[in-house]
Amino acid sequence: MEHDMQAFAAEVRRFLDAHVAKAPDRTAVTWGEGDDSMAYFSSLAPEEEREQVQRAREWQRIRYENGFGWITGPPEYGGRGLTPVHELLYDAIESEYDVADTGTLSVIGLGMIGPTILAHAPQPLKDHWLPAMYRGDAIACQLFSEPGAGSDLASVTTRAVRDGEDWVLNGQKVWTSVAQHSQIGLALTRTNPDAPKHRGITAFLVPMDTPGVEVRPLRQMTGGADFNEVFLTDVRIPDDHRLGEVDGGWTVALTTLMNERATVGSQGAGPVAGALSADRLSALMRATWTWDDRALRGRLAELLVDVLATEHLNARALRKLQAGVAPGPEMSVSKLLYGQNLTKAAHFVSDVLGPRAIADTGQWGTYAWNELLLATPALRILGGTEEIMKNILAERVLGLPKEPVTTAAKEGRQ
Amino acid sequence: MTADESALDELRSAVRNFLEAKSPEEAVRKLMESEPRYDPAVWAQLAEQLRLPGLAIPEEYGGDGFGPVELGVVLEEMGRALLCAPYFATVVLAAQALLASGDTDACARHLPGIAAGATTATLAVAENSGSWDPALISARAVRDGEGAWKVTGRKSFVIDGTTADLVLVVARTVAGPTLFAVDGTAPGLTAESMETLDATRAMARLTLDAVPATLIGSDGAGGRIMAKVLDFASVALAAEQSGGARRCLETAAEYARTRHQFGRPIGSFQAVKHKCADMLVQVELAEAASREAARLAAEGSPDYPVAAGVAHVACSRAYMFTAMENIQVHGGIGFTWEHPAHLYFRRAKSSQLLFGGPAVYHERLLDRLGI
Ligand SMILES: Cc1cc2nc3c(=O)[nH]c(=O)nc-3n(C[C@H](O)[C@H](O)[C@H](O)COP(=O)(O)OP(=O)(O)OC[C@H]3O[C@@H](n4cnc5c(N)ncnc54)[C@H](O)[C@@H]3O)c2cc1C
């Protein structure tokens, strides 16, 4: 295993060296030099954003052609047939290189929807969409949340009604990330209003160019529009686009939710990697003459402890994976901590900046932090809110009892 | 030498079984109110049956030659069980000071006895302020007419200082802070027990009045030795703390599963559930920090000093947090003398402050990071 991993790592490096340059070290900073962006969500103009998506697709294609497009996928669909550890290792190595940001394709589509299609879709859908997605041609989105169904995802009300060989979908999805770039979406719909709510859901793969699918950008508090509302009006979907059983969509949804990409080893990329670096934070304190403020120094130390200890936690999880041991609660804990650490960092920096955080003085590396500050509330919500994550940790890891189901909740299921 | 995971698990369960038998709560409570605050018979068994004192002492000095990773496993278990024994003082502080001094004669003289469990020892650094800052040491050592060293001064917070057979003292000479060995029964040495917040860790005030002493390492090297020992001791303490924190979490979760109010287990109330989840997050973080630091120490990695600082902060915080929340989850019963929760609270607070406390360890970490 160990030897195999080393050979794989060497192969990854050969591939990357042949195609891209090494990334500049984001954690080391020379004050005033380079890009000072701290954007977590994209803050690009539509034209630039389309170009960025194009670059992401191109890089994905290169990966695919070289055997790194779908490391864990079965070879018959263009995958490499290796383990999740290989994938984590690949990610860790790739983060040292200056590659296009492929988040638009990978976080939801390749990370969550792809494995769900693989597990539940009929053969022709797999044959068509899986290679297309992993080659970078098709982008996928997750049409789960609705205005009335967020944490309580089993309350979806978008209806799907059978009509001959087709189904007709009507309803509204919301907060759908990357829908504006997507060719397909995985939708949860209600097919049986009379069954208990988890049992009346069916999942469909919806080609986004089907008549009746309308994507409207939803502006988020950062100012950009990474997510969308998606309206489904008399959308006709053939039955062969169904995943899993009729009324069996909850199982499909669980596959998607469980494939939420492990954060392990992949926290180092993007502009925000620098947000948690001791170098950058201390350079900022020097530049703002807050260097010897004792209270701020204490907070800096606590923040760095969180960041460094989280790295230790990830390193241990990775080592467990490499030894073939299933990871424990580290992964959920690590996701929770990632959001919390970035939030703490953003607020710490705001306090260091003082008034410079409320209006742009033009000084490098100061006001730019607002891009991160404004993104942090989302980190406590997306992919399962902090509260839901804590419920899961308490119930699944510590064995605490579930919440009793109230009469009202029972009635809600009728 | 570093054991693999399954060997570590074996070590852990051997130590846990031993401590469950020999250091149950009743034993801890009895010992914390007696003198000496440990049971010599248990100490002897711990040495003979499990060879724990010699675990991390090099083979050439009679030990088993393991390192900080294995020692960490043992200390996690001792922290869980609140074992009353001079293990931390002897094996962590004193033995490591001897090793850090590089004085092979002194090591050969003292370590075999420590490894065999025949000698208990301690390290006397802090004075009235409790600080480990070499600049604040005022005990002094001078040579008499025959060239023999005599130490004079006062030391406080000396762990297991009334019972140690061997006391290593940092005292000032013209060359600076220097490490000396003093016999526990030497003339001129008096040790009195200090009243302690955490009665499971005995501490003493020592008065040294021209006590005959042996120089350890080189004259003036005390500051360097202290820094090395402090890094090691922080990691060792962190293991003890993370073991204690894990125990607090387990106790709280167990109670939350079984205690009923309003006709349902309190753990089904989200306020309680989320408290337990927050404790879990802190415990996972603490364990990762302390075990990684031990691993880096064993590897002699350049990242070790930073990791030691991280472990000290993360584990101090996690232990204090879980000790407090454990009492909260228990409600009124958690505030009684009879319930063990306060023993962990006391240990958590006193460990957090042992080497100076938050303001000091924050600055130490920033210093290790070069900030
Ligand atoms: C940036 C971003 C991108 C997103 N992308 C997508 C996407 O691509 N596809 C998609 O389907 N969805 C997406 N979402 C939606 C996201 O999954 C939901 O917002 C999230 O699951 C919470 O649901 P909600 O917003 O309806 O809040 P609610 O569920 O209404 O929650 C409101 C508050 O109540 C709390 N709460 C709810 N239930 C409980 C409970 N049982 N116990 C304790 N507290 C509870 C929550 O924690 C929260 O604080 C995205 C969201 C964001 C912010």
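The preceding data block contains the structure.
Here the structure is a predicted model, which means the values were calculated and not measured.

K.L.:
Could you clarify how one ought to interpret the overall build of chain A in this entry?
P.N.:
Of regular secondary structure, chain A possesses twelve helices and eight strands. Against the globule reference of 22 Å for 414 residues, chain A gives a C-alpha radius of gyration of 22 Å, in line with a compact fold. For chain A, the share of sequence-separated contacts (at least 6 apart) that also reach a separation of at least 24 residues comes to 73%. Total accessible area on chain A is roughly 18600 Å²; 53% of this is exposed by carbon and sulfur atoms. Treating the 40 positive side-chain charges of chain A as one cloud and the 54 negative ones as another, the clouds have centres 4 Å apart.

K.L.:
Explanation requested: a nonpolar patch on the surface in the structure shown.
P.N.:
Taken together, the side chains of L254(A), L257(A) and M258(A) define a hydrophobic patch exposed on the protein surface, amounting to about 290 Å² of accessible area. With respect to the helices and strands, L257(A) occurs in helix α6 (residues 249-258).

K.L.:
Help me out: how do you make sense of the site of the ligand in this one?
P.N.:
In the vicinity of the ligand lie 18 residues, with S145(A), S151(A), W175(A), T385(A) and Q270(B) positioned nearest. Bordering the ligand are residues originating from chains A and B. The side chain of S151(A) places a nitrogen or oxygen atom 2.6 Å from an oxygen atom of the ligand. Computed on the free molecule, the ligand has an accessible area of 970 Å², of which 68% lies beneath the protein chains in the complex. Breaking the shell around the ligand down by element, the ones donating at least two residues are β3 (166-177) and α11 (386-397) of chain A. Grouping the constituent residues of the shell around the ligand by class yields eight nonpolar, nine polar and one charged.

K.L.:
Any chance you could explain a negative patch on the surface here in plain terms?
P.N.:
Judged by side-chain charge, D4(B), E5(B), D9(B) and E10(B) come together as a negatively charged surface patch. Relative accessible area serves as the criterion here: at 59%, E10(B) is assigned to the exposed category.

K.L.:
Is there a simple way to explain empty space enclosed by the protein in this structure?
P.N.:
A water-sized probe, rolled over the atoms, reveals where empty space remains. Residue and element names in this part refer to chain B. Counting across every chain of the model gives four cavities of 30 Å³ or more. The wall of the largest cavity is formed by 15 residues, among which L83, A85, F88, R201 and R347 lie closest to the centre. Mapped by element, the contributors of at least two residues to the lining of the largest cavity are α4 (68-81) and α5 (87-101). Among the elements that take part in the lining of the largest cavity, α5 stands out by supplying three residues, more than any other. Taken together, the residues of the lining of the largest cavity break down into nine nonpolar, one polar and five charged. Looking at the second largest cavity, its volume works out to about 90 Å³. Taken together, L93, L123, A124, V125, A126, W132, S156, F157, V158, I159, L354 and F355 make up the full set of residues lining the second largest cavity. Of all the secondary structure elements, the ones that give two or more residues to the lining of the second largest cavity are β1 (121-124) and β3 (149-159). With four residues, the single largest contributor to the lining of the second largest cavity is β3. The class makeup of the residues in the lining of the second largest cavity is eleven nonpolar, one polar and no charged.

K.L.:
Help me understand the nonpolar core in this model?
P.N.:
Nonpolar side chains in soluble globular proteins generally cluster together in the buried interior. Within the largest apolar cluster, 155 residues are counted, with the highest numbers of intra-cluster contacts made by Y87(B), F88(B), L123(B) and W132(B). Element by element, the count of residues in this core is highest for helix α7 (residues 222-258) of chain B, at 18 residues. In this structure, Y87(B) is in contact with W43(B), L46(B), L52(B), P53(B), L55(B), L71(B), V74(B), L75(B), M78(B) and V92(B), ignoring residues within four places of it in sequence. The next biggest cluster of nonpolar side chains, apart from the first, holds 52 residues, and it includes I117(A), A179(A), A187(A) and V252(A).

K.L.:
Quick question: what am I supposed to make of the packing of α7(B) against helix α9 (residues 304-330) of chain B here?
P.N.:
Angle between the axes and distance between the axes: these two values describe a pair of packed helices. All names here are of chain B. Two elements in contact, α7 and α9, have axes whose closest approach is 8 Å; the angle formed by their N-to-C orientations is 25°. It follows from the interaxial angle that α7 and α9 lie roughly parallel. Here α7 and α9 pass one another in a crossing that is left-handed. The residue inventory of the contact of α7 with α9, partitioned by class, reads 18 nonpolar, ten polar and one charged.

K.L.:
Would you mind going over the pattern of salt bridges with me for this structure?
P.N.:
If charged atoms from side chains of opposite charge come close, those side chains can pair. Residue and element names in this part refer to chain B. All chains considered together, the criterion is met by 49 salt bridges over all chains. The partner of E77 in a salt bridge is R16, with the nearest N and O atoms 2.8 Å apart. In this pair, E77 is assigned in helix α4 and R16 in helix α1 (residues 5-22), connecting sequence segments 61 residues apart. With a relative accessible area of 2%, E77 lands in the buried category. Between D198 and R347 there is a salt bridge; the shortest N-O distance is 2.9 Å. Of this pair, D198 sits in the loop between β6 (189-193) and β7 (203-216) while R347 sits in helix α10 (residues 341-354); the two residues are 149 residues apart in sequence, bridging distant segments of the chain. The pair D198 / R347 is uniform in exposure class, with both members buried. Connected through shared salt-bridge partners, R12, R16, E76, E77, R246, E284, E287 and R291 make up one network.

K.L.:
Hey, could you run me through the layout of surface pockets in this one?
P.N.:
As a volume, the second largest pocket reaches approximately 1200 Å³. In this structure, the second largest pocket is lined by 50 residues; those nearest its centre are R316(A), R319(A), K320(A), E5(B) and R291(B). Among the elements of the structure, α1 (2-19) and α8 (294-322) of chain A together with α1, α4, α7 and α8 (270-299) of chain B are those that each provide at least two residues to the lining of the second largest pocket.

Analysis parameters
- Residues numbered from 1 in each chain as written.
- Chains lettered and ligands numbered in written order.
- Predicted model: local features only at pLDDT ≥ 70, side-chain atom pairs only at ≥ 80, totals over all residues.
- Heavy atoms only, no water.
- Helix = DSSP H or I, 4+ residues; strand = E, 2+ residues; numbered from the N terminus.
- Rg over C-alpha atoms; globule rule 2.2 N^0.38 Å.
- Contact = heavy atoms within 4.5 Å.
- Areas by Shrake-Rupley, 256 points an atom, 1.4 Å probe, with all protein chains shown as cover.
- Lys, Arg positive; Asp, Glu negative; His and termini not counted.
- Charge placed at Lys NZ, Arg CZ, Asp CG, Glu CD.
- Patch = residues over 30% accessible without salt bridge, like charges linked within 9 Å, V, L, I, M, F, W, Y side chains within 5 Å.
- Salt bridge = Lys/Arg side-chain N within 4 Å of Asp/Glu carboxyl O.
- Near = heavy atom within 4 Å.
- Polar contact = N/O pair within 3.5 Å; in protein donor to acceptor, adjacent residues only side chain to side chain.
- Nonpolar A, V, L, I, M, F, W, Y, C, P; charged D, E, K, R; others polar.
- Buried < 20%, exposed > 50% of the residue type's maximum accessible area, 1.4 Å probe, protein only.
- 1 Å grid on protein atoms, 1.4 Å probe; cavity = no way out; pocket = protein on both sides within 12 Å on 5 of 7 lines; lining within 4 Å.
- Points joined across faces, edges and corners; volume = space filled by probe spheres on them.
- Core = buried A, V, L, I, M, F, W, Y, C linked by side-chain atoms within 4.5 Å.
- Axes fitted to C-alpha atoms, helices over the stretch in contact; angles between N-to-C directions.
- Parallel < 35°, antiparallel > 145°, perpendicular 65-115°, else oblique.
- Left-handed = near helix turned anticlockwise from the far one by under 90°.

Honestly, it's all geometry; don't read function into it.
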